[in-house]
Structures are given as C-alpha cells and as structure tokens.
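Results of the structural survey
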Amino acid sequence: MRVLLVGPDLEGNLSLQYLASSLRAAGHSPRIATFDTAKDAESVRAAAKDAELIGLSLCFQIRAPEFIALAAGLKADAPGRTVVVGGHYASCAAVELLENHPDLDVIAVHEGEQTIVELAGLAERSPESLRGVAGIVFRDGDQITRTPSRRILDDLDELPWPDRSGPSRLVAGVPTAYMMGSRGCVSSCDYCCITTLHRLVPGKRFRQRDPDKVVREMAWMYHERGARQFI
C-alpha cells in the first residue's frame, strides 16, 4: 500500500517518522510530505498523486483550517481515496471534525502506529471493515461511529526506529537528530491537551524507553548518519 503521511517539519516530525517506519516494517510503502504552511498545499497534492491512503498529522487547532482545505483538495484529486487524520487536536475533536468536514474520513485516536498499519492492510476501507479497527472514529453514511479504544503501547521499544531517510537535518550548521526518550506525562494539569488526550484511551500515561536502546540508536545515528547533536 502506498501511503502519504503529511504534517509539519519545522523541527523534525518524529510522529510521522514513527508512522512511516511502522508501515515499512509491515510491508507498505510510506512517504512523508512537508506541510509547514498553506503554501505547501500544491506540493503535497503533487506528492499524493500515486498514494492510495493519506494520513494527516493535525496536532494544533490553529492549523485546522489549513488541513481541512488540504483534505478538500486531496479529495477533489481522488474522491475515492481515504483521508485519515491523527494528532492531539484531531483525537480530542474527532466527532466534531467528522460531523462538519466531509472530506475527512477517519480519525485515529491517540497513538497511531498500530492503527495506520491496520488501516493500510485492509482490502477495502468500508464501514464493515473499519469496525474491526480499534481506536478510530469514522463516518458511516449519516452516522459517526467510534470503535473500541486502542490501548496505548506499554513498551515504546517495540516500535521500529523512526524513518530517518533523506539528508540529515542541520541546526546551526550541526547535523542533528531528534529522538524520543519517553511519551506522556506524570502530571495532570487541567490546561494541558496531553492530560485530555490520555483520558481518551486505556494504558500507562507515562512510558520511558530503555536507556541502553536509546544509546544504541544514538550510536547508530552518530556513526551512520553523522549526527553530532541530539534533541
């Protein structure tokens, strides 16, 4: 399955890179397209020409109009192609987004690595088949259907390392790699979207990677990718 993953890349996008590596490990062919501003819409639509499935990373509410307009363009180019949306804002406002924006087909709630792989593996994305995928909200005719929640991954080291294809990123001229050491948070601040996000699904709210495996990933990037700075 040819999958195009779309989102911002101003400071790297580990979310899309982890989705891409998970898809590749499952035998699919993912690509990542940068969507930093509305001006990138035409280049994203061009990159989507041969894609069979589109994934949009809608993390911030302020950018929702740009992503919705992009989805409309992608649907105009290929009306039968499924547009999946994930990210903080999409997860928290899944029903409202689907009720008001017909160019969005499926919302993946919370972490999406396992979800996007299952969606890409469906022979067809009909309402009947979508009901078998945990952790999504989708439109079924005039109805909005939510499937059972998907438990978030307990062991982050089960995920393949993020897809770091392409040139190394330079920060102040230094080859730099962005890394994930943990996910979630131990606090419960009322104002924070992360707290709201973790109320949506079962599982540990805070998870850390094995330090030895983090070091191995850093060593690989140092020797194979030339990274000299880690964030």
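Up top is the structure these notes are about.
Because the structure is predicted, anything quoted here is derived from the model rather than measured.

What follows is about the sheet that holds strand β8 (residues 169-171). By way of backbone hydrogen bonds, the strands of a sheet pair with one another, either parallel or antiparallel. Pairing within the open sheet is mixed, and its three strands lie in the order β8-β9-β12. Single-partner strands in this sheet number two, and they are β8 and β12 (229-230). Here three bridges tie β8 to strand β9 (residues 174-177), and the two strands are oriented antiparallel to one another. Paired with R169 across the two strands is T176, which belongs to β9.

Okay, the packing of aromatic side chains next. In total, this model carries two aromatic pairs according to the counting rule given. Judged by centre distance (4.9 Å) and plane angle (90°), the ring pair of F35 and F67 falls under edge-to-face. Of this pair, F35 sits in the loop between β2 (29-34) and α2 (41-47) while F67 sits in helix α3 (residues 64-77), placing them 32 residues apart in sequence. Residue classification places F35 among the buried positions, given a relative accessible area of 0%. Residues W161 and W220 carry aromatic rings whose centres are separated by 6.0 Å and whose planes lie at 55° to one another, so their mutual orientation is tilted. Separated by 59 residues along the polypeptide, W161 in the loop between β7 (143-146) and β8 and W220 in helix α9 (residues 211-225) bring together distant segments of the chain. Taking relative accessible area as the criterion, W161 reaches 36% and is therefore assigned partly exposed. One residue, R183, lies across the ring of Y18, its end atom 5.4 Å from the ring centre. The side chain of R228 reaches across the aromatic face of Y222, ending 3.9 Å from its centre.

Thresholds applied
- Residues numbered from 1 in each chain as written.
- Predicted model: local features only at pLDDT ≥ 70, side-chain atom pairs only at ≥ 80, totals over all residues.
- Heavy atoms only, no water.
- Pairing = 2+ DSSP bridges.
- Helix = DSSP H or I, 4+ residues; strand = E, 2+ residues; numbered from the N terminus.
- Phe/Tyr/Trp six-rings, centres within 6.5 Å; stacked < 30°, edge-to-face > 60°.
- Buried < 20%, exposed > 50% of the residue type's maximum accessible area, 1.4 Å probe, protein only.
- Lys NZ or Arg CZ within 6 Å of the ring centre and 35° of its normal.

By themselves, these are just geometric observations and shouldn't be taken as functional.
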